Amino acid sequence: MSNRVKGTLCILCAAMSFALMNTFVRLAGDIPSLQKAFFRNFVAVIFVFLIMKRSHIPFQPPEKSHWKLLFARAFFGTVGLICNFYAVDHLNLSDASMLNKMSPFFAIIVSYFLLKERLNLFQGISVVVAFLGALLIIKPNPANMSLGPALIGLLGGFTAGVAYTFVRLMSKKGVNSSLIVFVFSCFSCLVCLPYFIVVHAPMTLAQFGCLMAAGLFGCTGQFGITSAYRFAPARDISVYDYTQVIFAAMLGWMLFGQLPDLYSFLGYVIICGMGIAMFLYQKKAPA
């Protein structure tokens, strides 16, 4: 099996895992998003800690200056996670997943300012068209009861894009990926802990099990993404990450009877189409 096939299988596994994570977040019911985020990351802390101990990975970056980058990634990643969970609770699973998948396009914009990476005409057009696709999902109409959650979901996609840009910057500086995930998970738990203590919503055993499953699939997705990009470059496999929307739509239909309306479906086609176009463009670009 070639490394490209291995990478493709890993990213498909990650997409399915993230779709299942969102599904179990939704199944956990009427629990505050911060409480859900705490348990999702608490599971991640335990798993990543054990992996780092077993692999003898140091719990500090190569240089002290990298802590600022780790904090920035953790901050924006935490905001993105909470926004995503809120959107999952108030929108169709596929809508929430698609808004979160705006992160690569936001990452292009942020990379221009943060990494000084040039934004070419094709990338600029892709960002604008993808945003128009997002508007079809958001439906910016005061009468739309889902407008607030949709905007929060889009904010989650933006902050996730910022977080991924910091991940890319740290990868260039030699910061271990497990350490990045560990710091992010610990930071998220600490941010959510005060709210969890003060505004603790009682949970049934089934709800607790759903949150544990969400954390488990979240970890699986994180390591699936990490493994995928270790086997193959992003330009070869990143397009398959959009299968999460397909998995989310199937799970939303089977478990919750959710079906996207025509505008949302058109938005999916546009955003995924731009993602595929970016994929093909990057493959043709010189390495």
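All figures in this text were calculated on a predicted structure; none of them were measured in a lab.

As for the overall build of the protein chain
(1) Moving on: Scanning the protein chain from N- to C-terminus turns up twelve helices and zero strands.
(2) Moving on: What you see in the protein chain, going N to C, is helices and strands ordered as α-α-α-α-α-α-α-α-α-α-α-α.
(3) Moving on: Here the C-alpha atoms of the protein chain give a radius of gyration of 18 Å, agreeing with the 19 Å that 2.2 N^0.38 yields for 287 residues.
(4) Moving on: Here the protein chain holds 287 residues, and the buried ones make up 49% of them.
(5) Moving on: Long-range contacts, defined here as pairs at least 24 residues apart, represent 88% of the contacts in the protein chain between residues at least 6 apart.

Some thoughts on helix α8 (residues 177–198)
(1) Moving on: End to end, α8 covers 33 Å across 22 residues, agreeing with the expected 32 Å (1.5 Å per residue, within 8%).
(2) Moving on: The largest bend in α8 is about 35 degrees, located at cysteine 192, with the proline proline 194 one to four residues further on.
(3) Moving on: Two to three positions downstream of the cap, the backbone nitrogen of serine 178 sits 2.8 Å from a side-chain oxygen, assigning the N-cap of α8 to asparagine 176.

What to know about the packing of aromatic side chains
(1) Moving on: Using the criterion set out here, one finds 16 aromatic pairs in the structure.
(2) Moving on: Judged by centre distance (5.4 Å) and plane angle (85 degrees), the ring pair of phenylalanine 38 and phenylalanine 39 falls under edge-to-face. Judged on exposure class, the residue phenylalanine 38 and its partner phenylalanine 39 are both buried.
(3) Moving on: Their ring planes at 70 degrees and their centres at 5.2 Å tell us that phenylalanine 59 and phenylalanine 182 sit as a pair that is edge-to-face. Remark: phenylalanine 182 occurs in helix α8 and phenylalanine 59 occurs in the loop between α2 (33–55) and α3 (66–90); sequence separation between them is 123 residues.

Definitions and limits used
Residues numbered from 1 in each chain as written. Predicted model: local features only at pLDDT ≥ 70, side-chain atom pairs only at ≥ 80, totals over all residues. Heavy atoms only, no water. Helix = DSSP H or I, 4+ residues; strand = E, 2+ residues; numbered from the N terminus. Rg over C-alpha atoms; globule rule 2.2 N^0.38 Å. Buried < 20%, exposed > 50% of the residue type's maximum accessible area, 1.4 Å probe, protein only. Contact = heavy atoms within 4.5 Å. Expected span 1.5 Å × (residues − 1). Bend = angle between axes of the 7 residues up to and from the residue. Polar contact = N/O pair within 3.5 Å; in protein donor to acceptor, adjacent residues only side chain to side chain. Phe/Tyr/Trp six-rings, centres within 6.5 Å; stacked < 30°, edge-to-face > 60°.

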